Amino acid sequence: MSEQNSQPSDPSALPRMTQLTFGFMASQAVHVAARLGVADLVEDGPKTADELAVATGAHTPSLRRLLLLLASLGVFAEDAEGRFQQTPLSSTLRSDTPNRSETWR
């Protein structure tokens, strides 16, 4: 039996797989935020993760991690007080946005 090399034969394979995996996580994070209605909740002004968790019934630490991920992607923005606010990307997730996907409602 031949010995298998544990390293990918193409050095660009690992970064590409990481990119693909992260892309899946990002799309799932956007989906969860849309289902929870976070964009609607921050429409009137920035909110903390605690405030958003109460409004959505979500687990606060988990929601904060989700919001931090989305802020790193520019979907939401976090201000100096740790509150999350709307961005042009997150405004597309609002329930009153025309052509918003029905799967997010």
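We now turn to the structure provided with this report. (Residues numbered from 1 in each chain as written. Predicted model: local features only at pLDDT ≥ 70, side-chain atom pairs only at ≥ 80, totals over all residues. Heavy atoms only, no water.)

## Structural notes on the side chain of aspartate 79
Working step 1: Of note, aspartate 79 is situated in the loop between strand S2 (77-78) and strand S3 (83-85).
Working step 2: A polar contact of 3.0 Å, which involves the side chain of aspartate 79, links it to the backbone nitrogen of glutamate 81.
Working step 3: In contact with aspartate 79, other than residues within four places in its own chain, are Pro46 and Gln85. (Helix = DSSP H or I, 4+ residues; strand = E, 2+ residues; numbered from the N terminus. Polar contact = N/O pair within 3.5 Å; in protein donor to acceptor, adjacent residues only side chain to side chain. Contact = heavy atoms within 4.5 Å.)

## Looking at the nonpolar core
Working step 1: One finds Leu52, Leu63, Leu66, Leu67, Leu70 and Phe76 to be the most contacted residues of the largest nonpolar core, which totals 17 residues.
Working step 2: Looking at this core, the elements with two or more residues in it are helix H1 (13-36), helix H2 (38-41), helix H3 (49-56) and helix H4 (60-72).
Working step 3: At four residues, the largest contribution of residues to this core is made by H4.
Working step 4: The residues touching phenylalanine 76, leaving out its near neighbours within four places in the chain, are Ala33, Val38, Ala39, Val42, Leu67, Leu70, Ala71, Gln85, Gln86, Thr87 and Ser90. (Core = buried A, V, L, I, M, F, W, Y, C linked by side-chain atoms within 4.5 Å. Buried < 20%, exposed > 50% of the residue type's maximum accessible area, 1.4 Å probe, protein only.)

## A few points about the sheet that holds S3
Working step 1: The three strands lie next to each other as S1-S3-S2, forming an open sheet whose pairing is antiparallel. Unpaired on one side and paired on the other, strand S1 (47-48) and S2 mark the two borders of the sheet.
Working step 2: Both S1 and S3 contribute to a ladder of two bridges, which runs antiparallel. Along S3, the bridge assignment pairs threonine 48 with arginine 83.
Working step 3: Each of S2 and S3 is contacted by H4, which is oriented at about 50 degrees to S3, the strand it contacts most. (Pairing = 2+ DSSP bridges. Axes fitted to C-alpha atoms, helices over the stretch in contact; angles between N-to-C directions.)

## Here we look at the pattern of salt bridges
Working step 1: Applying the stated rule across the entire model yields five salt bridges.
Working step 2: Of the charged contacts, one joins arginine 94 and aspartate 96 as a salt bridge, the two residues approaching to 3.1 Å between their closest N and O atoms.
Working step 3: On the basis of relative accessible area, arginine 94 is assigned to the buried category, the value being 18%.
Working step 4: According to the relative accessible area criterion, aspartate 96 is exposed, its value standing at 52%. (Salt bridge = Lys/Arg side-chain N within 4 Å of Asp/Glu carboxyl O.)

## Digging into H1
Working step 1: For H1, with 24 residues, the first-to-last C-alpha span of 35 Å sits near the 34 Å given by 1.5 Å per residue.
Working step 2: All of the buried residues in H1 are Ala26, Ala29, Ala33 and Ala34.
Working step 3: Turning to H1, the residues buried within the fold contact H2 and H4.
Working step 4: Glycine 37 sits one or two residues past H1 and shows a positive phi near 75 degrees. (Expected span 1.5 Å × (residues − 1).)

## Some thoughts on a nonpolar patch on the surface
Working step 1: A surface patch of nonpolar side chains, about 370 Å² in accessible area, is lined by Phe22, Phe24, Met25 and Leu73.
Working step 2: Among the residues examined, leucine 73 registers a relative accessible area of 33% and is labelled partly exposed. (Patch = residues over 30% accessible without salt bridge, like charges linked within 9 Å, V, L, I, M, F, W, Y side chains within 5 Å. Areas by Shrake-Rupley, 256 points an atom, 1.4 Å probe, with all protein chains shown as cover.)

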